[in-house]
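Here is how the chains run, residue by residue.
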Amino acid sequence: VAPDPASNHPELDELRARLEEIHDIGVASRLLGWDQLVKMPPAGAEVRAEAMATIDRLVHERFIDDEIGILLDGLATYGESLAYDSDDASLIRVARRDWEKARRVPPALAGEMSRVSSAGMHAWAAAREHDDYTSFRPWLDRQLDLKHEYIACFDTTDDPYDVLLDDFEPGMQTSEVRAVFERLREELVPLIAAAGTDREPAFVGRPFPWEVQQALSLEAMSAFGYTAEAMRFDTTVHPFCTGMGTHDIRVTTRFHDTDLRDGLFASMHEVGHGLYEHGVSTSLERTLLCEGCSSALHESQSRLWENLVGRSLSFWRWFYPRVQGAFPEALGGMSVDEFHRAVNTVHPSLIRVEADEVTYGMHIILRFELEQELLSGNLSTADLPAAWNARFEEYLGIPVPDDRLGVLQDVHWSAGSFGYFPTYQLGNVIAVQVWERAIAELGPLDDDFERGDFTRLGEWLRVNLYALGRKYTPQETLERVVGGPIDPEPYLAYLHEKHGSGVIA
Ligand code: ZN
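Within each chain, residues carry numbers counting from 1 in the order of the written sequence. For this predicted model, a pLDDT threshold of at least 70 governs which residues receive local features, and a threshold of 80 or more governs which side-chain atom pairs are given and counted, while totals over whole chains, interfaces and linings are taken from all residues. For side-chain calculations, the full set of non-hydrogen atoms in the structure is used, while hydrogens and water are omitted.

(A) Summary view of helix α16 (residues 384–396). By definition, any uninterrupted DSSP run of H or I lasting at least four residues is a helix, any uninterrupted run of E lasting at least two residues is a strand, and each is numbered from the N terminus. In a helix, the anticipated span is given by 1.5 Å times the number of residues less one. Compared with the 18 Å implied by 1.5 Å per residue over 13 residues, the 18 Å span of α16 between its first and last C-alpha is a close match. Residue burial is assigned from relative accessible area. The probe radius is 1.4 Å, only protein chains are included, and a residue is buried under 20% of its type maximum, exposed over 50%, and partly exposed in between. Residues of α16 that are buried include every one of L384, P385, A387, W388, R391, F392, Y395 and L396, and no others. Projected down its long axis, α16 shows its buried positions confined to an angular sector of 155°, all on one face. Exposed side chains of α16 directed beyond 90 degrees from the buried face belong to A386, A390 and E394. By definition, residues are in contact when any of their heavy atoms lie within 4.5 Å. Contact partners of the buried residues in α16: α6 (133–151), α8 (174–195) and α15 (360–376). One or two steps after α16, the chain reaches G397, where phi turns positive at roughly 75°. In this description, the arc belongs to the directions extending from the helix axis to the C-beta atoms.

See the structure below:
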């Protein structure tokens, strides 16, 4: 890390020093979180939950310190005198916003939210394994109570859900999400009905040893920009990506040994998150600006690499010979066109993370609606599984056989992450907006992809989006990258073109 440039401003130096210290403590928490999901023996969960809660409380206490407020007050005029785009102006501006928000949450509540989240995730994992919603329900009730306490810390908004959404998508309103989702639903329901007759590909059920899948995943990820110098790649139960700075990125995935799709696409997805974190300008290292801008922008990048690149015909013209060569028995008779179709089938299914591009949106709309109803009290946790099952069948046309494949499938609610789900689908929408802007500036990339060359795309994304980190709000960031606000139309046009006729062009 390069030494901080002398600012000739003692208050800014003091603010930086404090924020760096808080960041460093946060690194310990993130590393414990990664370890909890990748390495920790299961019986370590209880003590780990306490350790992480303590660290999160320390971070929170130090950040909301009066002294930081005094420094921010003292720097207000200086910050406004700097160019809006400068790192220092952005640091002062974003720190002020984060500080005012964090100040509203008492440390005891922040610590309790952290503790209940760790323990709740553990309870959820056991409940899911045993298909036992009843044992999980008290944790869900506790999380909802905590969410109400949390919302009460803030000024009244049009919709209490706005407060929760703001943690993942700062500045976004529930009403805006609803408008985007209503537009999507209009188009997705008939698209699913028209395309939903695809069958499972013939290779499903054939042997795909996971070690071979892992090597292939690493090859694709490396072509996208993964580097062992600055990243690790591990297996876990639920794929995720986390970072301890721009040069310590932890990508995780999982492999099924009778289908290669989940592992390969989860790997391409998670490395998309990793490339975003890795591409943040090193001038922002150890500051609160050193991460992706928001959940939706982050997800736009995992989806861009997974879907716009990883499910394209030009990508598979390069990569399929390698995959076919690695699994000659399972894929021997299959052409690249057939394989490309097979990884793009539209097929309503039970599990969100395995859903195709077309049906995925309905999985999210279902969750977005249910979590708002839980929060408003219109739906009780006792009635949640029945509500889930009824609406799932209505939206996706298939019955839910048990809670393991239904309401218990996702970790988010156990971790208190209400307001997170919609950002996944907003990410899908933004991915196509960003992709179209990249193609408009770079020209078609098919020839690059067919050679296994993704550097022009990766570099464009790094310069235009990743490097910005968290300097700007999500709205400002999107405006800078694509020249306008979130717009579902490019995404819908993309789905119609790719899947509308039931045949992949
Ligand atoms: Zn993701």
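Having put the structure on the table, let's press on.
(B) The arrangement of helix α12 (residues 313–326) in detail. A rise of 1.5 Å per residue sets the reference length of α12, with its 14 residues, at 20 Å; its end C-alpha atoms lie 19 Å apart and thus fit the reference within 8%. Each residue is assigned a bend, namely the angle between axes fitted to the seven residues that terminate at it and the seven residues that start at it. In α12, a bend of some 50° at F319 exceeds every other bend along the element, and P321, a proline, comes one to four places later. Within α12, burial applies to S314, F315, W316, W318, F319, Y320 and V323. Buried residues along α12 sit in contact with α9 (210–224), α10 (261–279), α11 (295–309), α13 (328–331), α14 (336–342) and α18 (446–450).

(C) Main features of the nonpolar core. Core analysis: the biggest nonpolar cluster contains 121 residues, and L304, W305, V309, F315, W316, L331 and L457 have the highest contact counts within it. No other element matches helix α17 (residues 421–442), which puts 10 residues into this core. When neighbours within four sequence positions are excluded, L304 is seen to be in contact with V309, A431, V434, W435, L457 and L461. In these notes, a set of buried Ala, Val, Leu, Ile, Met, Phe, Trp, Tyr and Cys residues joined through side-chain atoms within 4.5 Å is what counts as a nonpolar core. Ranked by size, the runner-up nonpolar core spans 21 residues in total, among them L19, F63, I68 and L288.

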